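This is what each chain is made of:
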Amino acid sequence: MSFPKVILKSGKEKSIQRRHPWVFSGAVFGVSREINDGEMVDVVDSKNNHLGTGYFSDKGSIVVRILTFGQEIFDSTFWQKKLQSAWELRTQLLDFEQTNAFRVIHGEGDGISGLIIDYYDKNWVIQAHSTGVFLQIDKISEAIQTNFPEYCKTIYCKSSGTLPNTGTDYFLFGTNEETVAKENGILFSVNWVEGQKTGFFLDQRDNRKLLGEFSKGKKVLNTFCYTGGFSIYAMQAQAELVTSVDISQKAVDLAAKNMELNFPNANHKAIADDVFNFMKENHQIYDVIVLDPPAFAKSIKSKHTATQAYKRLNIAGLKALAPKGILFTFSCSQVIDDVLFYNTVAAAAIETGRNIRVLHKLEQGSDHPTNIYHPEGHYLKGLVLYVE
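These numbers were taken from a predicted model, which means no experiment stands behind them.

1. Description of the sheet that holds strand S1 (residues 5-8)
Then step 1. Pairing in this open sheet of six strands is mixed, and the strands run S2-S6-S5-S4-S1-S3 from one edge to the other. Strand pairing shows two members of the sheet lacking a second neighbour, strand S2 (22-24) and strand S3 (28-31), which therefore form its edges. Taking each pair of neighbouring strands and ignoring which way they run, the sheet shows an average axis angle of 35°.
Then step 2. Taken together, the three bridges between S1 and S3 define a ladder with antiparallel strand orientation. Note on S3: the bridge partner recorded for Leu8 is Val28.

Spelled out as structure tokens, the structure:
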């Protein structure tokens, strides 16, 4: 099968030969004909040697997202093979009896740039981050139904937030809007129609479990709590008190609902407030604090402002910690790399003058794998600090 060609400038083929899946606009010499947004293209070097095949984009700096570096037929079996490979990896990573909520496809990490698929107890939520992937949604849905009929009640396309030009979100199969999913035996109410992202933040599973190891008998503060993931793990570990704070009343209500699902008599406070304001006005000292904010930086331009926000937040968190306290602090901003995040937290630590030791460096869960040829896929950074 032949596709229109995107021709690279001389010397710009090296990153593709190293299997990086993005072609940037500055690397392109020309095209063989006019190409529509989302259309499949072949990428060739200046001597017309084939380098890969993927989706063309006429928006942003990434012109092509490569799906294969070889010659491949893109029929229905292509998606079936990709899904089967990703599913088999998850069966090795997870105990499905204890965990039935996880990421099945993590973009480049699973070899499909621009595609996210999350799974919540037989309900699949698809999120397209490129027009090329969005145009394949029906084929992807068919592949899910073909490969996993016994694991499929609903397939929902939730791409309006990532591709605003796609219109509204909609059901591809089934009609379920929510379910009670299980993570490490803990129950969570998940609504993919009304909730943020695909309905739940799956990438913190391992880090939530680790938090439990520090929470027994402790006063725990979970900021930017969303649906209360860290809060419930803390209470499962028999925390003395758990406080959940989020600016969204809807999120706080969900956190309270999820706590009730698991521990109806928990000593849990759910507070709707701006976290920075809460940290300023609150006088309670905590033994364990979680700082898990949304991405403060979504572009290079906002990097400086974001680092200042992370610094202020971590200063506030460190000041609210009791002696011998534990701080879980995170950044999910892709443009804030590990070194910058570490240095920003260190700068906050210097301001407090406290003795601090790093116990753990954290990242996203293993069902959010990073393609070794695409380090940009590593986005979640975290530190666990022991604060004297």
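Picking up after the structure, the text goes on.
2. Comments concerning the nonpolar core
Then step 1. One finds Val104, Leu115, Ile117, Trp124, Ile126 and Ile144 to be the most contacted residues of the largest nonpolar core, which totals 33 residues.
Then step 2. Within the residue set of this core, elements represented by two or more residues are helix H2 (76-93), strand S7 (101-106), strand S8 (115-120), strand S9 (123-128), helix H3 (131-134), helix H4 (137-147) and strand S10 (154-157).
Then step 3. Those residues within four positions of Leu115 in sequence are excluded, and the remaining contacts are Trp79, Ile105, His106, Gly107, Ile126, Gln127, Val133 and Ile140.
Then step 4. The next biggest cluster of nonpolar side chains, apart from the first, holds 32 residues, and it includes Val125, Phe188, Phe230 and Val288.

3. Quick word on the UniProt feature "domain: PUA" (unreviewed entry) in the protein chain
Then step 1. According to UniProt, the positions carrying the feature "domain: PUA" (unreviewed entry) are residues 4-78.
Then step 2. Summarising residues 4-78: 9% helix, 40% strand, and an end-to-end C-alpha distance of 20 Å.

4. Thoughts on the packing of aromatic side chains
Then step 1. Taken as a whole and assessed by the stated rule, the structure comprises 24 aromatic pairs.
Then step 2. Relative to Tyr119, the ring of Trp87 has its centre 5.3 Å away and its plane inclined at 80°; by these criteria the two rings are edge-to-face. On the criterion of sequence distance, the pair formed by Trp87 in helix H2 and Tyr119 in strand S8 is long-range, its members being 32 residues apart.
Then step 3. An aromatic cluster of at least three residues, connected via ring pairs, comprises Trp87, Phe96, Phe102, Tyr119, Trp124, Phe148 and Tyr151.
Then step 4. Over the aromatic face of Phe276 sits the side chain of Arg312, whose NZ or CZ is 4.7 Å from the ring centroid.

5. A short note on the packing of H2 against H4
Then step 1. In the contact formed by H2 and H4, the axes pass within 9 Å of each other and the chain directions differ by 60°. The pairing of H2 with H4 is recorded here as oblique in orientation. Classified by chirality, the crossing of H4 by H2 is right-handed. Taken together, the residues of H4 that come into contact with H2 (itself represented by Trp79, Gln80, Leu83 and Gln84) are Lys139, Ile140, Ala143, Ile144, Thr146 and Asn147.
Then step 2. The class makeup of the residues in the contact of H2 with H4 is five nonpolar, four polar and one charged.

6. Description of unusual backbone geometry
Then step 1. The backbone of Arg19 sits at a positive phi, close to 70°, despite the residue not being glycine.
Then step 2. Tracing the backbone through its elements, the reader meets Arg19 in the loop between helix H1 (14-17) and S2.
Then step 3. With phi around 50°, Phe224 is a residue other than glycine that occupies positive phi space.
Then step 4. With respect to the element layout, Phe224 can be found in the loop between strand S14 (219-223) and helix H6 (229-236).

7. Some points on the sheet that holds S7
Then step 1. Strand order across the open sheet formed by five strands is S7-S8-S9-S10-S11, with mixed pairing between neighbours. The open sheet terminates on both sides in strands that have one partner only, identified here as S7 and strand S11 (170-173). Taken over all neighbouring pairs, the strand axes of this sheet differ in orientation by 25° on average, direction set aside.
Then step 2. Set on the sheet, H2 makes contact with S7, S8 and S9; between it and S7 the angle comes to about 135°.

Calculation notes
- Residues numbered from 1 in each chain as written.
- Predicted model: local features only at pLDDT ≥ 70, side-chain atom pairs only at ≥ 80, totals over all residues.
- Heavy atoms only, no water.
- Pairing = 2+ DSSP bridges.
- Helix = DSSP H or I, 4+ residues; strand = E, 2+ residues; numbered from the N terminus.
- Axes fitted to C-alpha atoms, helices over the stretch in contact; angles between N-to-C directions.
- Core = buried A, V, L, I, M, F, W, Y, C linked by side-chain atoms within 4.5 Å.
- Buried < 20%, exposed > 50% of the residue type's maximum accessible area, 1.4 Å probe, protein only.
- Contact = heavy atoms within 4.5 Å.
- UniProt positions renumbered as here; feature names shortened; annotations may be inferred.
- Phe/Tyr/Trp six-rings, centres within 6.5 Å; stacked < 30°, edge-to-face > 60°.
- Lys NZ or Arg CZ within 6 Å of the ring centre and 35° of its normal.
- Parallel < 35°, antiparallel > 145°, perpendicular 65-115°, else oblique.
- Left-handed = near helix turned anticlockwise from the far one by under 90°.
- Nonpolar A, V, L, I, M, F, W, Y, C, P; charged D, E, K, R; others polar.

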